[in-house]
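# Overview (structure and organization)
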Amino acid sequence: MAGVKIKIRLLGTGTSQGTPVVGCHCAVCRSLDRHDKRLRASAFIETEHCAILIDSGPDLRQQLLDNQITKVDTILLTHEHKDHLGGMDDIRPLNFMAHKPMDIYGLGRVLNVVKKDYDYAFKSDPYPGAPEMQLHKVSDVPFMIKDIEIIPVRVKHFSLPILGYRIGNIAYITDASFIAEKELSKLNGLKVLIINALRIKEHYSHFNLAQALSIIEKLKPERAFLTHISHNMGCHADINSTLPKGVMLGFDGIVIET
Ligand SMILES: [Zn+2]
Ligand SMILES: [Zn+2]
């Protein structure tokens, strides 16, 4: 496991509205720098045998096209908010190409929302061409996807318990505002930590920059990348140059190899 090569690509690094924000004229939303254009948060993880998508937000179709992704074995869901789930209907071409349902992992509560939101896919006689999903309930217990162990990490998104995931030497944590010590201990010895940082000012349901940096300081991964970034963070170039060594703002399309 330790020797498995993992490649992670950030498909989206924006917060729930993305940047630019519709109707906003701030410097970030007007920026021409491609690093300031952020689709909704999502990541794609590849190993030799496995292709895993984390979350299926409303930009999924564009993300699959932009990154020329045609094969996904599994989707890991962090939680049910629409910026992480609203694009599930766009797995249909992946179903057609793979000739099989998509394996989807998440907390029981989250899978219940999937069944409610995409009810047409779960009828006994589903609408022809509806997305095909095979749901798998996740708890605290690590599980295998092909040859890769997935370790769920419980974090709090305000009062909502949600999941991050550790896969080998990398971990992806989004929408967290609190991580208990016991869960932090699952994140020791990381090569790469991807963690959410919304903006400079504090926020009730997401880590701000200082909080994300203090978690990084505690865990000391070799490298850390920030995601789920709001236009209130400031322009990528301005903020990125202020970050400690080994830490950078993620941006859409960045590929991180371990
Ligand atoms: Zn979110
Ligand atoms: Zn703006």
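Structure first, text after, so check above.
Residues numbered from 1 in each chain as written. Chains lettered and ligands numbered in written order. Predicted model: local features only at pLDDT ≥ 70, side-chain atom pairs only at ≥ 80, totals over all residues. Heavy atoms only, no water.

### A closer look at the coordination of the zinc ion (ligand 1)
The line we're drawing: Ligating atoms shown are N, O and S within 2.8 Å of the metal, or 3.2 Å for Na, K and Ca, and water is not included, meaning a site may look less than complete. Irregular is the default label, applied whenever a site is not tetrahedral (four donors, all angles between 85 and 135 degrees) and neither square planar nor octahedral (four or six donors, opposite donors over 155 degrees apart, all other angles between 65 and 115). Helix and strand definitions here come from DSSP, where helices need a minimum of 4 consecutive H or I residues and strands a minimum of 2 consecutive E residues; each element is numbered from the N-terminal end. Burial classification: accessible surface area is computed with a 1.4 Å probe over protein chains only, and a residue below 20% of its type maximum counts as buried, one above 50% as exposed, and the rest as partly exposed.
D83 (OD), H84 (NE2), D175 (OD) and H228 (NE2) make up the full set of protein donors to the zinc ion (ligand 1), lying at 2.1 to 2.2 Å. Around the zinc ion (ligand 1) sit four donor atoms, and with donor-metal-donor angles ranging over 93 to 162° the site reads as irregular. Mapped onto the polypeptide sequence, the residues donating to the zinc ion (ligand 1) form the spacing pattern D-H-x90-D-x52-H. Of the two residues, D175 sits in the loop between β10 (170-173) and α6 (181-184) while H228 sits in the loop between β12 (223-227) and α8 (236-240), which places them 53 residues apart along the sequence. By relative accessible area, which is 1% here, H228 ends up buried.

### Examining the pairing of strand β11 (residues 192-196)
Here is the rule: Criterion used throughout: strands pair if DSSP finds at least two bridges between them.
Most of β11 is tucked away: five of the five residues are buried. In β11, alternate side chains face the same way, and those of V192, I194 and N196 on one face and L193 and I195 on the other are all buried. Strand direction decides the pairing type here: β10 and β11, joined by four bridges, are parallel. Opposite I173, over in β11, you have I195 as the bridge partner. In this structure, β11 lies alongside β12, joined through five bridges in parallel fashion. The partner of I195 across the bridge, within β12, is L226.

### Remarks on the nonpolar core
The cut-off we apply is this: The criterion is simple. A nonpolar core is a set of buried Ala, Val, Leu, Ile, Met, Phe, Trp, Tyr and Cys residues joined through side-chain atoms within 4.5 Å.
Counting 52 residues, the largest nonpolar core has I75, L76, M88 and I150 as its most contacted members. Membership of the second largest hydrophobic core comes to 27 residues, among which are L187, L209, L226 and L249.

### Some details on the coordination of the zinc ion (ligand 2)
Every protein donor of the zinc ion (ligand 2) is accounted for by C24 (SG), C26 (SG), C29 (SG) and H231 (ND1), and the metal-donor separations fall at 2.1 to 2.3 Å. Geometry at the zinc ion (ligand 2) is tetrahedral, judged from its four donor atoms and the angles of 104 to 114° they form at the metal. One chain supplies every donor to the zinc ion (ligand 2), and in sequence these donors are spaced C-x1-C-x2-C-x201-H. The exposure class assigned to C24 is partly exposed, which follows from its relative accessible area of 22%.

### Let's talk about the layout of surface pockets
The test is simple: The distinction between a cavity and a pocket rests on a 1 Å grid over the protein atoms alone: a 1.4 Å probe fits inside a cavity but cannot get out, while a pocket stays open yet meets protein on both sides within 12 Å along at least five of seven lines, and a residue with an atom within 4 Å of a point counts as lining. Grid points are joined across faces, edges and corners, and a volume is the space filled by probe spheres set on the points. Residues were grouped as follows: Ala, Val, Leu, Ile, Met, Phe, Trp, Tyr, Cys and Pro as nonpolar; Asp, Glu, Lys and Arg as charged; and all remaining residues, including Gly, as polar.
Counted as a void, the largest pocket has a volume near 160 Å³. For the largest pocket, the lining is made up of 14 residues, of which T15, S16, L198, H203 and S230 are closest to its centre. Looking at the lining of the largest pocket residue by residue, the classes come out as three nonpolar, 10 polar and one charged.

### Observations regarding the side chain of D252
Selection rule: In this charge count, Lys and Arg are treated as positive and Asp and Glu as negative; neither His nor the chain ends contribute. The salt bridge criterion pairs a side-chain nitrogen of Lys or Arg with a carboxyl oxygen of Asp or Glu, the two atoms within 4 Å. Contacts described as polar in this section are N or O atom pairs within 3.5 Å, which, within protein, must combine one atom able to donate a hydrogen with one able to accept it, while residues neighboring in sequence count only if both atoms come from side chains. We call two residues contacting when some pair of their heavy atoms lies within 4.5 Å.
Tracing the chain through its elements places D252 in the loop between β13 (247-249) and β14 (255-257). With no salt bridge to any partner, buried D252 finds its closest opposite charge in R38, at an N-O distance of 5.0 Å. Polar contacts involving the side chain of D252 include one to the side chain of T13, which spans 2.6 Å. Of the polar contacts made by the side chain of D252, one reaches the backbone nitrogen of L39; its length is 2.6 Å. In contact with D252, not counting residues within four places along its chain, are L10, L11, G12, T13, R34, K37, R38 and L39.

### Some points on the pairing of strand β8 (residues 148-157)
Alignment of strand β7 (residues 143-145) against β8, held across three bridges, turns out to be antiparallel. Note that in β8 the partner of F143 across the bridge is I150. Where β7 hands over to β8, the hairpin turn is made up of two residues, of which K146 adopts a positive phi near 50°. Bridge count for β8 against strand β9 (residues 160-167) is eight bridges, and the pairing is antiparallel. Looking across to β9, one finds that H157 is bridged to L160. Hairpin geometry of β8 and β9 is characterised by an intervening segment of two residues between the two adjacent antiparallel strands and by a positive phi of about 55° at F158.

### Comments concerning the environment of L60
The topology assignment puts L60 in helix α2 (residues 60-66). Along the primary structure L60 and S214 are separated by 154 residues, whereas in three dimensions their C-alpha atoms are 31 Å apart. Leave out the neighbours within four places in its chain, and L60 touches L53, G87, D90 and I91.

### Details of the environment of D66
For D66, the position within the fold is in helix α2. Sequence separation between D66 and S230 is 164 residues; the distance between their C-alpha atoms is 21 Å.

That is the geometry; function is a separate question.
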